[in-house]
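# Geometric and topological summary
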Amino acid sequence: MFKKILIANRGEIALRVIVACRELGIRTVAVYSEADEHSLHVRFADEDVCIGPARSSDSYLNVPAIISAAEITGADAIHPGYGFLSESSYLAEVCEACHIRFIGPDPNVIKLMGDKARARRAMKKAGVPMLPGSDGPVESDEKALKWARDIGYPVIIKAVAGGGGRGMRVVRTPAEMANALRTAQREAEAAFGVGDVYVEKYLENPRHIEFQVLGDHHGNLVHLGERECSIQRRHQKILEESPSTALSDKVRRKMGSLVADAAKAVQYTNAGTFEFLMDHEGKFYFMEVNTRLQVEHPVTEMVTGIDIVKEQIRIAAGERLSFKQSEVTFTGHAIECRVNAEDPETFSPSPGVIHGFSIPGGPGTRVDTFAHAECTVSPYYDSLLAKVITHGRDRQEAIARMRRTLEMTVIEGIKTTVPMHLRILAEADFVAGRLGTAFMDRFAAKPKPGSLAEAV
Ligand code: ADP
């Protein structure tokens with residue numbers, strides 16, 4: 001087993017990895033930017049190294065600085081968390097060359113899945129159902145128009161290197177194509193440094209359903225069931241749950257084994273997530289594979305009792321999975337609300353100093369956060385402040401627990417999305433489990449109280 005793990009991340013996920021390491025008796029090294037000097041992940045790691053200025057490109061994305069920190073401290077592995085370098089095959093390769101274990105899949109698998117067009121081809125070959133689309137990048141308006149004509153409108157243009165909902169444009173008529181193609185290419189180039197995009201059939205209000213897998217280096221691979229992440233804003237998840245209200249045990253077993261077979265076909269190791277869209281007839285279509293820990297992994301942990309981060313570490317250390325597929329059981333229902341430091345009406349970031357801070361615990365409640373009273377929420381990074389996760393015997397109990405937890409939450413000094421979550425939890429469609437990726441549109445359409453539109 002590793003003696004010391006460097007965590008190449010910040011915020012709640014750096015703390016989450018520290019939690020797993022402490023329970024496993026592994027020492028930890030925090031890396032931090034100048035803006036994060038007083039963060040909890042720095043306080044609770046056994047050692048810490050400043051890796052540069054606030055800007056991510058100078059610190060959390062700075063591979064030489066991170067590798068040097070690992071070498072100076074004698075860390076034998078690096079956990080990348082999510083975001084930042086978590087899907088960087090380059091970091092994984094450099095780790096390999098420096099004899100530091102990268103806690104994630106093999107660099108070639110990261111590379112394959114990081115190119116969504118290639119990933120589509122590989123998954124198609126493995127027998128995974130697919131939405132019709134161009135199986136490679138499209139460069140010109142003519143090619144994009146031809147694909148759209150063949151597939152049928154609406155279509156969606158997506159970045160080959162995509163992530164975080166960026167570089168995507170829905171096209172409903174040929175007239176919109178040229179503009180959408182250029183915007184998507186520009187956005188992709190700016191966000192990922194690669195402007196390549198591909199075309200895919202666009203589904204109206206589908207469900208986002210994803211399967212968690214864990215694979216060791218001895219040929220064992222299991223799935224841990226699904227998460228439903230249909231509650232999204234601008235293609236970004238805001239509330240997730242497990243199990244999905246749309247899956248029967250039979251479908252879960254069938255999809256789970258299909259995913260496990262596909263993962264084995266590409267020799268997938270460590271933790272990974274296979275994302276799908278599900279249409280109104282219950283048909284699944286592959287979307288992408290995320291070769292890392294997901295923000296929403298706690299809902300799976302709550303229903304399976306499996307600590308996914310500990311498993312990642314054990315797998316990377318060469319251990320065998322300690323359980324078989326038949327030993328994975330699902331108990332109750334779990335929901336996660338992502339509490340962001342944002343204005344709940346406009347969604348603009350709300351950085352600043354938190355004065356009062358209390359999120360109550362209680363039965364079936366878990367809070368993953370870096371926040372505390374008098375801490376500063378930095379404007380430099382992602383606005384995720386806290387993940388509130390509740391577990392209940394059934395979905396209604398999980399919802400009731402989430403409501404009372406959020407109603408009793410106190411976060412003063414900055415704005416948060418807690419009120420937005422309470423609105424979602426109160427919607428009849430949410431309570432009934434009638435979900436889809438267009439769910440949040442209803443809020444955008446509603447006039448604000450006191451606005452002219454409402455008065456009229
Ligand atoms: P990213 O990697 O940027 O997160 P994804 O491919 O995972 O991008 O897609 C994110 C979200 O975008 C999905 O959950 C879904 O809401 C929407 N989306 C992507 N592709 C389609 C599609 N073909 N039809 C409808 N919605 C889509």
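Within each chain, residue numbers correspond to sequence positions counted from 1 in written order. Predicted model: local features are reported for residues with pLDDT of at least 70 only, side-chain atom pairs are reported and counted for 80 or more only, and whole-chain, interface and lining totals are derived from all residues. Neither water nor hydrogens contribute to the side-chain values; these are computed over all heavy atoms in the structure.

## What about the site of the ligand?
Being near a molecule or strand, for a residue, means having at least one of its heavy atoms within 4 Å of it. Close contacts around the ligand come from 22 residues, with Gly165, Glu200, Lys201, Gln232 and Glu288 the closest. Throughout this description, a polar contact denotes any pair of N or O atoms lying within 3.5 Å of each other; where both atoms belong to protein, one of them has to be capable of donating a hydrogen while the other can accept it, and for residues adjacent in sequence the pair is counted only when both atoms sit in side chains. A distance of 2.9 Å is found between a nitrogen atom of the ligand and a side-chain nitrogen or oxygen belonging to Lys158. Going through the elements one at a time, β6 (155-159), β8 (197-201), β12 (270-278) and β13 (284-290) are the ones with two or more residues in the shell around the ligand. Across the shell around the ligand, the residue classes tally to 7 nonpolar, 8 polar and 7 charged. Boundaries between domains were set according to an automatic or database domain assignment. Counting residues domain by domain, the shell around the ligand receives three or more from each of domain 2 (132-201) and domain 3 (207-445). Runs of E in the DSSP output that reach at least two residues are strands. Runs of H or I that reach at least four are helices, and both are numbered from the N terminus. Each residue gets one label: Ala, Val, Leu, Ile, Met, Phe, Trp, Tyr, Cys and Pro are nonpolar, Asp, Glu, Lys and Arg are charged, and the others, such as Gly, are polar.

## Points about the sheet that holds β8
Overall, antiparallel pairing links the 3 strands, which are arranged β7-β6-β8 in an open sheet. The open sheet has two free edges, formed respectively by β7 (168-171) and β8, since each of these has just one partner strand. Taking each pair of neighbouring strands and ignoring which way they run, the sheet shows an average axis angle of 25 degrees. Note on pairing: DSSP must find at least two bridges between two strands before they are called paired. Bridging between β6 and β7 involves 4 bridges; their strand directions are antiparallel. Bridge pairing in β7 places Ile157 opposite Arg169. Fitted lines through C-alpha atoms give the axes, limited to the stretch in contact for helices. The angle between two N-to-C directions lies from 0 to 180 degrees.

## Brief notes about the packing of aromatic side chains
Note on ring pairs: Phe, Tyr and Trp rings are taken, using the six-membered ring of Trp, and paired if centres are within 6.5 Å. Classes follow the plane angle, with under 30 degrees stacked, over 60 edge-to-face and the rest tilted. Evaluation of the coordinates by the stated rule reveals 10 aromatic pairs. Geometrically, the ring pair formed by Phe430 and Phe439 is edge-to-face, given 6.4 Å between the ring centres and 70 degrees between the ring planes. The class of Phe439 is buried, set by a relative accessible area of 2%. Taking the centre distance of 6.2 Å and the plane angle of 65 degrees together, the rings of Phe439 and Phe443 count as edge-to-face. Using a 1.4 Å probe on the protein chains alone, a residue whose accessible area is under 20% of its type maximum counts as buried, one over 50% counts as exposed, and one in between counts as partly exposed.

## Observations concerning unusual backbone geometry
In this model, Tyr153 is joined to Pro154 through a cis peptide bond whose omega is -5 degrees. Note on placement: Pro154 falls in the loop between α7 (141-151) and β6. Here Arg234, not a glycine, exhibits a phi torsion of approximately 50 degrees, which is positive. Within the secondary structure, Arg234 is located in the loop between β10 (221-233) and β11 (236-242). A positive phi angle, close to 70 degrees, is found at Glu374, a residue other than glycine. Among the structural elements, Glu374 can be located in the loop between β17 (365-369) and β18 (376-377).

## What to know about helix α1 (residues 11-24)
The end-to-end C-alpha distance of α1, which contains 14 residues, comes to 21 Å, matching closely the 20 Å that a straight helix rising 1.5 Å per residue would cover. Within α1, 10 of the 14 residues are buried, which leaves the element mostly enclosed by the surrounding structure. Burial in α1 covers these residues: Gly11, Glu12, Ile13, Ala14, Leu15, Arg16, Val17, Ile18, Ala20 and Cys21. A positive phi of about 75 degrees marks Gly25, the residue just after α1. How far a helix is expected to stretch is found by multiplying one less than its residue total by 1.5 Å.

## Describing the pattern of salt bridges
The salt bridge criterion pairs a side-chain nitrogen of Lys or Arg with a carboxyl oxygen of Asp or Glu, the two atoms within 4 Å. This structure, assessed with the given rule, holds 38 salt bridges. The partner of Asp307 in a salt bridge is Arg16, with the nearest N and O atoms 2.7 Å apart. Here the residue Asp307 occupies a position in the loop between α10 (297-304) and α11 (308-316), and Arg16 occupies one in helix α1, the gap between them amounting to 291 residues. For the pair shown, Asp307 and Arg16 are each scored as buried. The residue Glu296 makes a salt bridge to Lys237 at a minimum N-O spacing of 2.9 Å. Placement of Glu296 in the loop between β13 and α10 and of Lys237 in strand β11 is noted, with a sequence separation of 59 residues between them. Summarising the burial analysis for this pair, Glu296 and Lys237 share the class buried. Look at the salt bridges and you will find they share partners, linking Glu210, Arg227, Lys237, Glu240, Glu275, Glu296 and Arg338 into a network.

## Thoughts on the sheet that holds β13
Across the sheet, 8 strands lie side by side as β13-β12-β9-β10-β11-β14-β19-β17; this open sheet has antiparallel pairing. Of all the strands in the sheet, the pair left with one neighbour each is β13 and β17. Each strand of the sheet is rotated relative to its neighbour by a mean of 25 degrees, with strand direction disregarded. Sheet analysis places β10 next to β11, joined by 4 bridges and oriented antiparallel. Counterpart to Glu228 in the pairing with β11 is Glu241. By definition in these notes, contact holds between two residues if any of their heavy atoms fall within 4.5 Å. Of the strands in this sheet, β17 and β19 (384-392) are in contact with α1, which crosses β17 at around 115 degrees.

## Some details on the nonpolar core
Grouped together as the largest cluster of nonpolar side chains are 34 residues, with contacts concentrated most on Ile231, Leu385, Ile424 and Phe430. Looking at this core, the elements that each hand over two or more residues are β11, β14 (333-340), β19, α12 (395-407) and α13 (418-426). Each residue touching Leu385, except ones within four places of it in the same chain, is listed here: Val339, Asn340, Ala341, Ile354, Thr369, Phe370, Ala371, Val377, Ile411, Ile414 and Thr416. Here the nonpolar core consists of buried residues drawn from Ala, Val, Leu, Ile, Met, Phe, Trp, Tyr and Cys, with membership extended through side-chain atoms lying within 4.5 Å. Ala45, Val222, Ala271 and Val328 belong to the second-largest nonpolar core, a separate cluster that totals 31 residues.

## Some words on the side chain of His297
Along the chain, the position of His297 falls in helix α10. At a separation of 2.9 Å, a polar atom in the side chain of His297 contacts the main-chain carbonyl oxygen of Gln294. For His297, the residues in contact, after removing those within four places along its chain, are Ile13, Arg16, Arg227, Ile308, Val309, Arg366 and Lys387.

## Points about α10
Counting buried residues along α10, 7 of its 8 residues qualify, which places the element largely inside the surrounding structure. When we look at burial in α10, the residues that qualify are His297, Pro298, Val299, Thr300, Glu301, Val303 and Thr304. Phi turns positive one or two residues past the end of α10, at Gly305, with a value near 75 degrees.

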